[in-house]
Structures are given as C-alpha cells and as structure tokens.
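Listed below are the residues making up each chain.
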Amino acid sequence: MALRFRNTLSGIKEEFIPIKPGKVGLYTCGPTVYYYPTIGNYRTFIFEDLLRRYLKYKGYEITHVMNLTDVDDKTIRDSRKEGVSLKEFTDRYTRAFFEDLDALGIERAEYYPAATEHINEMVAIIKKLLDRGLAYEVDGNYYFKIAAFPGYGKLAKLDMEGMKAGARVAADEYEKESVSDFALWKAWDEKDGDVYWETGLGKGRPGWHIECSAMSMKYLGNHFDIHCGGVDNMFPHHENEIAQSEGATGEKFVNYWLHSEYLLADNRKMSKSLGNYYTLRDILDKGYSGRALRYLLISSHYRQQLNFTFERLDAARNSLERYNDFIKNLNDYPGGKTTGEAETYIKKVVEGFENNLDDDLNISGALGEIFDFIRDINRLKAEDKLSAQERDKIIETMRRFDTVLNFEIKEQALDARIEELIARRNQARQNKDYALSDKIRDELLAMGIVLEDTPQGVKWKRKI
Ligand code: AMP
Ligand code: ZN
C-alpha cells in the first residue's frame, strides 16, 4: 500500500509523492533556545523523528533541516534579564537540546542552521518582497502586506472577509483574532540592547517568521516536500512562512504540511508560559530513562492530544521492558524444532507494521501488531516450536522495526563493564567477602543495573 499523510493544506489524506523520485526534503521548526525544551516540545520532535525514520525505512534519501531559533523576542528578553550575551545564553540551551536528543534516541537531522547565521538570506527575501509590492516600511520596521497576497489564510483556513486592512502586529506570536500585517524586520529598539545587525534594511533584527522561510529555502530549495511543526505553529507562523516564501519566489513553497497535536498536562497544553511543564531533566531526575519517555511520546497517534501522567509513563516503561526482554531472551534461546508457524507470524507482523505506518503513521496500530507478535512468538518458544534459523529471522525483523522505533537498548561498551563488575562480585562472594559483593551490587544499581540470582548463575537487567 502506498504511503499516505494527512495534509493540513488540503485537509485530507493524500498519497505521498516526492518532488524528486526517491528523495525527500523535510523541514521541521526547531526549538527556540531560551530554556530547556519541555517534554511537550519533544512530543513534536519525536513525531518528526518517527516520520524521518519511517521515510528512511521506506528507502527514501532524506535531507532534513531543523532550525535553531537563536534570536527572537524571547531569547532577547531572557538573555537581557540574565545580563549575558545572546550568544552565551542561546549556546547553553543549544547544547542542552543536543544532549536531550541523544537521551531520547532522536536521530540527527542533516542540518541545524542557526537564525543568527542567516541574516543575509533573510534580508534578501525581504528586499524581494519590497520589489514585488508585498512589503512596506514604517519607521525602519518592515511589514508583510497580507492584503496584497491573495492566498493568505489557506493553511489555517482563515476567513479573510471583514479583516481590518492595514492593521499591524510587531510581536512574533499572536492570535487568529488579530490577523494583521506582520513584522519581517524590526528596527533596533533600546530593549534589544546589543542585538542588532546593520543591513540594507537599516539597523535591526529579523522577525521570527522570516527565519524559517530563509533557512528552509536555502537548504531545500524554493519548493520542497514536507514541512512539520506542532499545531500551534500553523498560525501565524506557518501561514506567514507560506506568504513570505511564495510571495518572494512566485513558486509553490511546500507540498505536504504535517502538524502534531499537543502534549497536555492537567488537560491543558503543556507550555513554559503556562508553567505546567516538565523538562527532560525533571523526568530523568525521577528515575525514568529517556527511552521510556520516547516510548510514551511516540506511542499515540501524532494527530491526537496526549495527556501526560506518570501512570502513563510507568505503562510506557513496562511496554519498553517487554520489548527489550523479548529480544534479549530470544538471543539466549538455543532454538527448537520448527512447525512453520513462525514464518506466518513474521509475514503478518511485517505487513501489519507497514500497513499501519503507511496510513498517516498509525503508530498505535503498528505497536499493537508488534505486541501480538511478541505474544505469539513467546508461546512458540515456550513450546519449543522455534528453530534457530527462525529465531534469527525474528531478531532480524525486530532490528528492522527498531530502525524506526529505536526502542532497543544496546550499549555494548557498557555491557563489558557490567560483565566485569559481575565477575568481580562473584569472586568476592566465593571469598565470602560480602561487604565487597554488596558494594559492587550497589555500584551496579547506581548504573541502573539490577542483578538476579538464577539457577544458571547471576543475570542482569537494565532498569528501564
Ligand atoms: P518552540 O520552542 O516553542 O518554538 O517550540 C518548538 C516546537 O515544539 C514547535 O513545533 C511547537 O509547535 C512544539 N510544541 C510546543 N509545545 C508543545 C506541546 N505541548 N505539545 C506538542 N508540541 C509542542
Ligand atoms: Zn519555523
């Protein structure tokens, strides 16, 4: 079956047809680096990771660009409040962002352009808009003239009738009710301190929306395949990106727009400004792993809201453990006699996984198939109806799924260190040095490793 996405622009599910066969240009709005991202931000970034990884699974070659918003109203406001330079301030949160990506098993994009390094590209677009009568200047500020761009509102499905012509908004973020000409370039103002660029447009700084138009088109061309973000980005940010880009080039900007729904807390959007948020650090400090959070955030469909609770995170941790135990135990299984059933189950799970993900990334359906498979194979294994060859094929199948899911916890270097500590502990026990053996057990526990004494000797498990 063909891969289909629900396109915000058309409002319907459409077959995905890339502009260049076999290749995909993907742009995802990145973090504003003014704080540690909330796990709400990561819901969107993990949905985008699923999209990226599934496109690769399908054989596409991806060019994925995620910008870093390192200059806007919020970064300037908070760096000034703290009394540090914009760069020092945003570098700190950029570093934290990349650490978080690793903890969450998010694959790196091909490009992470920073807004402050693309000012010339932004100025060039604004100049084109001026030439085409789509922008105007007031006191050194430049605005996009939405009345001159007929398609305005097509993404967010705005009713443009009755709109007040000539109303202007300077802020980067605003509500649908105040749809207005928006700032492309903001003249220097005292509250910007030393944050400004001297350009052909005068002394000032870019608006937030122009940043994404400039950086997406620079790396992906004027017209590219997929653009993503959370639903809050749809208006005004993405609507404005379309107006700026199509207004400047005269070409279609993006074919498929995909928007992910909110992660909620207490049934409201989790956000820094509402104060109802957790960062990844908060979650790790409570003893959960980044992978458990990844599981939770990826496991419900991206277009459905998800209310965050620790009960849900516990359930995610259990599922992740079952998934990992399955692979680990299969590796330890020597193999029995075949009945041919395994082959049928493998065929079914591969089809189920792909059919579900092809259908606008129906991840809960895909995971349901995998857990049915785990149950069926575990039964065959318990009845010794699985050959070594079938076992290997199952492991290979799971590994292929895992290129998309990235749930398997594999840290071989660490494994060697763990084995060594276990051997030392066994030695200590033989020597009846229980103080030392307890000390090693505690050390392993601190590394997140739990020991189990079994008739076959000591086994270990990673706390998930
Ligand atoms: P920001 O750093 O605020 O520009 O947000 C980065 C990305 O996270 C954007 O695509 C937002 O739409 C998304 N985002 C912010 N809050 C949430 C949330 N509670 N749930 C899902 N996505 C979110
Ligand atoms: Zn953006």
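See above for the structure.
(A) Seen up close, the sheet that holds strand 13 (residues 263–265). Strands sit in the order 14-13-15 across an open sheet of 3 strands; the sheet is mixed. Each of the sheet's edge strands pairs with one partner strand only, and the pair in question is strand 14 (268–269) and strand 15 (306–307).

(B) Here's a closer look at the side chain of D78. The topology assignment puts D78 in helix 2 (residues 73–82). A residue is classified by how much of its surface remains accessible, and D78, at 11% relative accessible area, is buried. When neighbours within four sequence positions are excluded, D78 is seen to be in contact with Y34 and F89.

(C) Structural detail: the coordination of the zinc ion (ligand 2). Here the zinc ion (ligand 2) is held by the protein donor atoms C29 (SG), C212 (SG) and H237 (NE2), which lie 2.0 to 2.2 Å from it. Coordination of the zinc ion (ligand 2) draws on donor residues from a single chain, spaced C-x182-C-x24-H in sequence. Of this pair, C29 sits in the loop between strand 3 (23–28) and helix 1 (39–57) while C212 sits in helix 5 (residues 208–220); the two residues are 183 residues apart in sequence, bridging distant segments of the chain. Across the pair, exposure class does not vary: C29 and C212 are buried alike.

(D) Structural view of the packing of aromatic side chains. The final tally for this structure, using the stated rule, is 31 aromatic pairs. Through pairs of rings, three or more aromatic residues link up here, namely Y35, Y36, F89, Y93 and Y277. A cation sits over an aromatic face here: K203 above W188, 4.5 Å from the ring centre. For the cation-ring pair, K328 lies above W460, with the distance from its terminal atom to the ring centre recorded as 5.1 Å.

(E) Representation of the sheet that holds strand 3. The strand order across the open sheet built from 4 strands is 4-3-11-12, with neighbouring strands paired in parallel fashion. The strands lining the two open edges of the sheet, one partner per strand, are strand 4 (61–66) and strand 12 (254–260). Adjacent strand axes in the sheet meet at a mean angle of 20°, parallel and antiparallel pairs treated alike. Where strand 11 (residues 224–230) meets strand 12, 6 bridges bridge the pair, whose relative direction is parallel. For I226, the partnering residue across the bridge sits in strand 12 and is Y256. Lying on the sheet, helix 1 is in contact with strand 3, strand 4, strand 11 and strand 12; it crosses strand 11 at an angle near 155°.

(F) Quick look at the site of ligand 1. What surrounds ligand 1 is a group of 16 residues, the closest being T44, D232, N233, L263 and M270. Measuring from an oxygen atom of ligand 1, one finds a side-chain N or O atom of N233 at 2.9 Å. Contact distances for ligand 1 include 2.8 Å between a nitrogen atom and a backbone N or O atom of L263. Burial of ligand 1 by the surrounding chains reaches 92%, relative to a free accessible area of 500 Å². Those elements that place two or more of their residues in the shell around ligand 1 are helix 1 and strand 11. Counting residues per element, the shell around ligand 1 draws most heavily on helix 1, which supplies 4 residues. The class makeup of the residues in the shell around ligand 1 is 5 nonpolar, 8 polar and 3 charged.

(G) The layout of surface pockets, seen in detail. What the largest pocket holds in volume is close to 1,100 Å³. Considering the residues around the largest pocket, the lining is formed by 43 residues, among which K74, E173, D232, N233 and K269 are closest to the centre. Looking at the lining of the largest pocket, the elements that each hand over two or more residues are helix 1, helix 2, strand 11 and helix 6 (234–249). Per element, the largest residue contribution to the lining of the largest pocket is 5 residues, and it comes from helix 1. By residue class, the composition of the lining of the largest pocket is 17 nonpolar, 14 polar and 12 charged.

(H) Fine view of empty space enclosed by the protein. The full count for this structure, using the stated rule, is 3 cavities of 30 Å³ or more. Looking at the largest cavity, its volume works out to about 70 Å³. In terms of lining residues, the largest cavity is bounded by F45, E48, D49, H64, M66, F97, L101, I106, E107, A109 and Y112. Of all the secondary-structure elements, those providing two or more residues to the lining of the largest cavity are helix 1, strand 4 and helix 3 (86–103). Top element by residues in the lining of the largest cavity is helix 1. It accounts for 3 residues. Looking at the lining of the largest cavity residue by residue, the class counts come to 7 nonpolar, 1 polar and 3 charged. Within this model, the second largest cavity holds a volume of roughly 50 Å³. What lines the second largest cavity is simply F47, L50, L297, I298, S300, H301, Y302, L361 and I363. Looking at the lining of the second largest cavity, the elements with two or more residues in it are helix 1 and helix 8 (290–298). Here the lining of the second largest cavity is built from residues that sort into 7 nonpolar, 2 polar and no charged.

(I) Structural view of the nonpolar core. Among the nonpolar cores identified, the biggest contains 77 residues, and L55, I226, F308, F353 and M398 are the most heavily contacted of them. For this core, the element with the highest residue contribution is helix 1, accounting for 10 residues. Dropping the residues within four chain positions of it, F353 is found in contact with Y54, Y57, A366, E369, I370, F401, V404 and L405.

(J) Broad picture of the pairing of strand 10 (residues 202–206). Where strand 8 (residues 181–187) meets strand 10, 3 bridges bridge the pair, whose relative direction is antiparallel. If you follow W185 over to strand 10, its bridge partner there is P206. Relative to strand 10, strand 9 (residues 197–199) runs antiparallel, the two sharing 3 bridges. Along strand 10, the bridge assignment pairs T199 with G202. Between the end of strand 9 and the start of strand 10, which pair antiparallel, lie 2 residues.

(K) A look at the state of the cysteines. If you walk through the whole model with that rule in mind, you get 0 disulfides. Here C228 is not disulfide-linked; the sulfur of C29 is the nearest cysteine sulfur, at 8.9 Å. Among the residues examined, C228 registers a relative accessible area of 0% and is labelled buried.

Reading the values: rules and limits
Residues numbered from 1 in each chain as written. Chains lettered and ligands numbered in written order. Predicted model: local features only at pLDDT ≥ 70, side-chain atom pairs only at ≥ 80, totals over all residues. Heavy atoms only, no water. Pairing = 2+ DSSP bridges. Helix = DSSP H or I, 4+ residues; strand = E, 2+ residues; numbered from the N terminus. Buried < 20%, exposed > 50% of the residue type's maximum accessible area, 1.4 Å probe, protein only. Contact = heavy atoms within 4.5 Å. Donors = N, O, S within 2.8 Å, 3.2 Å for Na, K, Ca; no water. Phe/Tyr/Trp six-rings, centres within 6.5 Å; stacked < 30°, edge-to-face > 60°. Lys NZ or Arg CZ within 6 Å of the ring centre and 35° of its normal. Axes fitted to C-alpha atoms, helices over the stretch in contact; angles between N-to-C directions. Near = heavy atom within 4 Å. Polar contact = N/O pair within 3.5 Å; in protein donor to acceptor, adjacent residues only side chain to side chain. Areas by Shrake-Rupley, 256 points an atom, 1.4 Å probe, with all protein chains shown as cover. Nonpolar A, V, L, I, M, F, W, Y, C, P; charged D, E, K, R; others polar. 1 Å grid on protein atoms, 1.4 Å probe; cavity = no way out; pocket = protein on both sides within 12 Å on 5 of 7 lines; lining within 4 Å. Points joined across faces, edges and corners; volume = space filled by probe spheres on them. Core = buried A, V, L, I, M, F, W, Y, C linked by side-chain atoms within 4.5 Å. Disulfide = S-S within 2.5 Å.

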